[in-house]
Amino acid sequence: MSEMHLVPLSRLNDAVRLVVRGFGSNPAEVEAVANNLIEANLMGHDSHGVGMLPRYADAFLEGGLKPNAHVSTVMDGGAMLRLDGNAGFGQVIGHEAMALGIARAQAAGSCIVALGNSHHLGRIGAWAEQCAAAGLVSMHFVNVIARAIVAPHGGSDARFGTNPFCAGVPLPGRPPVILDFATSMIAQGKTRVAHNKGEPVAPGCLIDDHGRATTDPRYTVEPPFGALLTFGTHKGYGLALMCELLGGALAAGMTQRTDDSTRRRVLNGMFSVLVDPTRLADPKQFEAEALAFIDSVKASPPREGFEPVSVAGEPERAWRARRTRDGVPIDATTWQEILAAAAKLGVGPEKVNAAAGLGS
């Protein structure tokens, strides 16, 4: 099992910003990328956190990630927008796309945003949180253009990506409900984290290169590759299909149909629906019903072996409080990969180590 580093948040902030500057990013982009990646770690989603930097570095060096790029508008239909991310950092592109959609939804009551050709959008919950902070309900269907990693229900090899779905609902006087999940049993990044830690994944998540059940995460990290399975058997598969059709074919004009495992870039398409709930329903009735239902659900006595009932978004906020206080755990293998990525970008690994408080 890999050694673990516990990096104080302030130290991690400094170290990650050093690495991101190596892409040639302007100061605003450095802040956006670093904040988004670290926020994912803080919320317990290490799969979408700073461990993505090595892949980003490879994608940049092969020409698949374009620093300092911005969203461009392909079609403006008022309450419908088709946007191109120009292969820019998803942490910038996602924020810009949602900002455009939020402005239109606040003016018209709703907006459909079709975003294509963005580099990895990271934790999709961040974009639902952005919408919720503006008082908007949102839904997001996302496809992934990269090496196929998920098998269709009943299939024996990978045919598409982890294709996340996300929805956010603002609640008056409370944090929003943010539902954000991959349509695979676990996110691809979680298998990378498990592999780096030297840990197995739970049974029922993976098949090997012959389509046989396995708990060894290497089959998603090293060839010969196996595949992740979809959650809920055919239900997760069906939702993944919708993400591909809406986020891919409709929003991006690109679906995952080839298996080019040589390229490191990760492109996302995202089909987003933004709604101002105050335009659709009586605000007081919506608020009263939503809060009453949440309270009713959480009043269910926990079963033996379970924690008290929570709703989507609460576990992440609990993780954030703990890790902000105690530091962010990063396994030694992942940290070495980050240092190697820094070197590729012309940033001295010793400087990154020193910034993190892990060496001189």
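One structure accompanies this document, and this report is about it.

The next subject is the side chain of Asp 331. For Asp 331, the position within the fold is in strand E12 (residues 328-331). Among buried Asp, Glu, Lys and Arg side chains, Asp 331 stands out as unpaired, with Lys 197 the closest opposite charge at 5.9 Å. Within the structure, the side chain of Asp 331 is placed 2.8 Å from the side chain of Thr 334, a separation counted as a polar contact.

Our focus in this paragraph is the packing of aromatic side chains. Under the defined criterion, the tally for this structure stands at 8 aromatic pairs. Here Phe 23 and Phe 60 contribute two aromatic rings whose centre-to-centre distance is 5.5 Å and whose plane-to-plane angle is 70°, an arrangement assigned as edge-to-face. Of this pair, Phe 23 sits in the loop between helix H1 (9-21) and helix H2 (27-42) while Phe 60 sits in helix H3 (residues 53-61), placing them 37 residues apart in sequence. Given a relative accessible area of 4%, Phe 23 falls into the buried group.

The next subject is the pairing of strand E2 (residues 72-76). Two strands pair when backbone bridges link them, and E2 and strand E3 (residues 80-84) are joined in this way by 4 bridges, in the antiparallel orientation. Counterpart to Thr 73 in the pairing with E3 is Leu 83. Turn length for the E2-E3 hairpin, with the two strands adjacent in sequence and antiparallel, is 3 residues, and the turn residue Gly 78 shows positive phi of about 80°.

Moving on to the environment of Met 270. Tracing the sequence through the fold places Met 270 in strand E11 (residues 267-275). For the pair Met 270 and Gly 64, spaced 206 residues apart in the sequence, the C-alpha separation amounts to 18 Å. Among residues more than four places away in sequence, those in contact with Met 270 are Met 98, Val 113, Ala 114, Leu 115, Leu 121, Ile 124, Trp 127, His 140, Phe 141, Val 142, Gly 247 and Ala 251.

Let us now look at the state of the cysteines. If you walk through the whole model with that rule in mind, you get 0 disulfides. With no disulfide of its own, Cys 131 lies 8.8 Å from the sulfur of Cys 166, the closest cysteine sulfur. The class of Cys 131 is buried, set by a relative accessible area of 0%.

Glancing now at unusual backbone geometry. In the segment running from Pro 223 into Pro 224, the intervening peptide bond is cis, with an omega of 0°. When you line up the elements, Pro 224 lands in the loop between strand E9 (213-214) and strand E10 (227-228). The backbone phi angle of Asn 86 is positive, close to 55°, even though this residue is not glycine. Mapped onto the fold, Asn 86 is located in the loop between E3 and helix H4 (90-108). In this structure, Asn 163 takes a positive phi of about 35° despite not being glycine. Within the secondary structure layout, Asn 163 lies in the loop between strand E5 (137-145) and strand E6 (165-171).

Cut-off values and rules
Residues numbered from 1 in each chain as written. Predicted model: local features only at pLDDT ≥ 70, side-chain atom pairs only at ≥ 80, totals over all residues. Heavy atoms only, no water. Helix = DSSP H or I, 4+ residues; strand = E, 2+ residues; numbered from the N terminus. Buried < 20%, exposed > 50% of the residue type's maximum accessible area, 1.4 Å probe, protein only. Lys, Arg positive; Asp, Glu negative; His and termini not counted. Salt bridge = Lys/Arg side-chain N within 4 Å of Asp/Glu carboxyl O. Polar contact = N/O pair within 3.5 Å; in protein donor to acceptor, adjacent residues only side chain to side chain. Phe/Tyr/Trp six-rings, centres within 6.5 Å; stacked < 30°, edge-to-face > 60°. Pairing = 2+ DSSP bridges. Contact = heavy atoms within 4.5 Å. Disulfide = S-S within 2.5 Å.

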